[in-house]
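Secondary and tertiary structure notes
Chain by chain, the residues run as shown.
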Amino acid sequence: MSGTFTIPTRIYLNDEQRDRLNRLLRHEGRELNELLSDLVLAYLSAQPEPPAPLNDHVAEVQALLQQRRSELRRLRRHLNDPHNPPPQFLIALVADLEAEVRRLEQTGG
């Protein structure tokens, strides 16, 4: 077969299963690699196409965006405590994080 490659693998069978497989292969006049290739091809044909992988930059931006949103959720709870007004540095930090989230959203996150 042109354009094909091999994948080294192991199959775990007990003695009875191995003997039965060998008898079936001999009966059908097939080799194990042919049977496994046919099984994998049938499996792949029945599966939907997986989503295309994201390029590394987009994945990094999305991970960073998720992290920043999580930080914002955690910090925003401290902004509205009526008994404990937030310090100025916390207000500035939240504003900076909100700006960064907006920037990341615009760059493809």
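Residue numbers run consecutively from 1 along every chain, following the written order of its sequence. Per-residue local features of the predicted model are confined to residues with pLDDT of at least 70, and side-chain atom pairs are confined, for both listing and counting, to 80 or more; whole-chain, interface and lining totals are unaffected and use all residues. Remark: hydrogens and water are excluded; side-chain values derive from all non-hydrogen atoms of the structure.

Some thoughts on the overall build of the chain
A helix here means a DSSP run of H or I that spans at least four residues, while a strand means a run of E at least two residues long, and both kinds are numbered starting from the N terminus. Per the secondary structure count, the chain includes four helices and zero strands. Computed over its C-alpha atoms, the radius of gyration of the chain comes to 28 Å, more than 25% above the 13 Å expected for a compact globule of 109 residues. Projected onto its principal axes, the C-alpha positions of the chain cover 80 × 35 × 20 Å. Working definition: with a 1.4 Å probe on protein chains only, accessible area under 20% of the residue-type maximum means buried, over 50% means exposed, and in between means partly exposed. Buried positions account for 12% of the 109 residues belonging to the chain. Every residue pair with non-hydrogen atoms within 4.5 Å of one another is taken to be in contact. Here the analysis covers contacts within the chain between residues at least 6 apart in sequence; of these, 50% occur between residues at least 24 apart. Two things to know: the radius of gyration comes from C-alpha atoms, and the globule rule equals 2.2 Å times the number of residues to the power 0.38.

Remarks on the pattern of salt bridges
A side-chain nitrogen of Lys or Arg and a carboxyl oxygen of Asp or Glu constitute a salt bridge if their distance falls within 4 Å. Counted under the stated rule, the structure contains eight salt bridges. Where Arg30 meets Asp38, a salt bridge forms, and the shortest distance between an N and an O atom there is 2.2 Å. Look at Arg30 and you get partly exposed, because its relative accessible area is 22%. For Glu100, the salt bridge is made with Arg68, and the minimal N-O distance between the two is 3.0 Å.

Describing the environment of Leu72
When you line up the elements, Leu72 lands in helix H3 (residues 56–76). By relative accessible area, Leu72 is classed as buried at 4%. Once the C-alpha coordinates of Leu72 and Asp96 are considered, the two residues, 24 residues apart in sequence, prove to be 9.9 Å apart. Setting aside chain neighbours within four positions, we find Leu72 in contact with Val94, Leu97, Glu98 and Val101.

Here we look at the environment of Thr6
One can find Thr6 in the segment before helix H1 (15–28). A relative accessible area of 72% means that Thr6 is categorised as exposed. Along the sequence, Thr6 and Asn33 sit 27 residues apart, while their C-alpha atoms lie 9.4 Å from each other.

As for the nonpolar core
Taken as a class, soluble globular proteins show a tendency for nonpolar side chains to be buried jointly. The definition of a nonpolar core used throughout is a set of buried Ala, Val, Leu, Ile, Met, Phe, Trp, Tyr and Cys residues joined through side-chain atoms within 4.5 Å. Formed by Val61, Leu65, Leu72, Leu75, Leu90, Val94, Leu97, Val101 and Leu104, the largest nonpolar core amounts to nine residues. Those elements that place two or more of their residues in this core are H3 and helix H4 (88–106). Take this core: its biggest share by element is five residues, from H4. In contact with Leu97, other than residues within four places in its own chain, are Arg68, Glu71, Leu72 and Leu75.

A look at the packing of H3 against H4
Lines are fitted to the C-alpha atoms to define the axes, a helix being fitted only along its stretch in contact, and any angle between axes, read from their N-to-C directions, falls within 0 to 180 degrees. Remark: H3 packs on H4, axes separated minimally by 10 Å, with the N-to-C direction vectors making an angle of 150°. Taken together, the axis directions place H3 and H4 in an arrangement best described as roughly antiparallel. In the packing of H3 onto H4, the handedness of the crossing is left-handed. Residues Val61, Leu64, Leu65, Arg68, Arg69, Glu71, Leu72, Leu75 and Arg76 of H3 lie in contact with H4, whose contacting residues are Leu90, Leu93, Val94, Leu97, Glu98, Glu100, Val101, Leu104 and Glu105. For this scheme, ten residues count as nonpolar: Ala, Val, Leu, Ile, Met, Phe, Trp, Tyr, Cys and Pro. Four count as charged, namely Asp, Glu, Lys and Arg, and the remainder, Gly too, count as polar. The residue makeup of the contact of H3 with H4, split by class, is eleven nonpolar, no polar and seven charged. Roughly parallel means an angle under 35 degrees; roughly antiparallel means over 145; roughly perpendicular covers 65 to 115; every other angle is labelled oblique. Left-handed describes a crossing in which the near helix is turned anticlockwise from the far one by less than a right angle; the clockwise case is right-handed.

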